[in-house]
Amino acid sequence: LWDQVLSLCVRPEQRVNGQVINAFDYSQLTEQQPDGHRARPARAAFDAYIGLLAELPAGSLDTLQQSSRKALLINAYNALAIKTIVDQFVFTGPGAMTGIRDLGDVFSSVWVHTAGTLAGSSVSLDDVEKGDGTTGLIGLLPSYHDPRIHSSIICASVSCPDLSTSAFTAANVEELLDERVQAWLAHTTKGLDVDVATGTIHASKIFDWYRTDFDAWVDPVTSSGRLGFRGFLEKYAPKRVSDQLRALPDASFEQRAVVYFDYDWSLNNVPARLIGGGH
């Protein structure tokens, strides 16, 4: 079901606010068919998937194999982020919004609002990402301590890493996480770039916000080599950039030395000319 939603709604290589991204066609989930009667196929699959997440038996997540649970939670985060947009976002007219943060308020952010139901319990996006168990769910980051997850849970914004065009599964979760990190770091205007002349690293703001996760990274394959933030970048960056990183002094990798890209929170919606169209 989630694969079907992604195949119908994700439009790769679309220019949104100057960034080339995997944009999402929210109109496939918010508009009716031209005849005004039948829901679009994407909406039917989306509703079924959201229903499946809600109807999972209480406690069932903890009975899954780790690869299954990890894949399910990544998909669930992305689906619930999109559900948040579909349910609440004002796309046009009076009160039109620009990004997901507009759905929060001065007292609490959108990340802590209820986003949907997972295995019978109401959850927020924060619960799925970093819940500590107090609401019944131990989230992705505390469960797996895997900073690759930051490449694959998408907050519906232009500067997020791009949404995968296929669902995570037990069989593909580790390989697909590697692929998503590599795609993220290959994006030179929102992922990673190196200014060779100055030795300056330009990186996503996510590396600033979650630096402790990347500092704790150990290569899960070899358990050797360079560790932490620098080792993570060197492993997953494109070869040209990785070679440039290896030539830099350690001081270039200090958090204060990295230049972080401005974060564009604009909605990752497809350009207006494509809204409602087919692939």
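Structure first, text after, so check above.
This write-up is about the structure you can find in this document. (Residues numbered from 1 in each chain as written. Predicted model: local features only at pLDDT ≥ 70, side-chain atom pairs only at ≥ 80, totals over all residues. Heavy atoms only, no water.)

Overview of the pairing of strand β1 (residues 10-16)
Then step 1. Strand direction decides the pairing type here: β1 and strand β2 (residues 19-24), joined by five bridges, are antiparallel. Each bridged residue has a counterpart across the sheet, and for Val10 the counterpart in β2 is Phe24.
Then step 2. With antiparallel pairing between neighbouring strands as the criterion, β1 and β2 make up a hairpin whose turn holds two residues, including Asn17 at a positive phi of roughly 50 degrees. (Pairing = 2+ DSSP bridges. Helix = DSSP H or I, 4+ residues; strand = E, 2+ residues; numbered from the N terminus.)

Here we look at the packing of aromatic side chains
Then step 1. As enumerated under the stated definition, the model contains 17 aromatic pairs in all.
Then step 2. Ring centres 5.0 Å apart and planes at 65 degrees place the aromatic pair Phe89 and Phe91 in the edge-to-face group.
Then step 3. Of the aromatic side chains, those joined through ring pairs into one cluster are Trp184, Phe207, Phe214, Trp217, Phe229, Phe232, Tyr236 and Phe253.
Then step 4. In this structure, Arg211 packs its charged tip against the face of Phe229, placed 3.8 Å from the ring centre.
Then step 5. Lying across the ring of Tyr236, Lys235 places its NZ or CZ 5.6 Å from the centre. (Phe/Tyr/Trp six-rings, centres within 6.5 Å; stacked < 30°, edge-to-face > 60°. Lys NZ or Arg CZ within 6 Å of the ring centre and 35° of its normal.)

Structural notes on the packing of helix α4 (residues 66-88) against helix α7 (residues 173-185)
Then step 1. The contact between α4 and α7 brings their axes to 10 Å, and the two run at 45 degrees. As far as their axial angle goes, α7 and α4 are oblique. Of the residues in α7, those in contact with Ser67, Lys70, Ala71 and Ile74 of α4 are Val173, Glu174 and Leu177.
Then step 2. Residues that form the contact of α4 with α7 fall into these classes: four nonpolar, one polar and two charged. (Axes fitted to C-alpha atoms, helices over the stretch in contact; angles between N-to-C directions. Parallel < 35°, antiparallel > 145°, perpendicular 65-115°, else oblique. Contact = heavy atoms within 4.5 Å. Nonpolar A, V, L, I, M, F, W, Y, C, P; charged D, E, K, R; others polar.)

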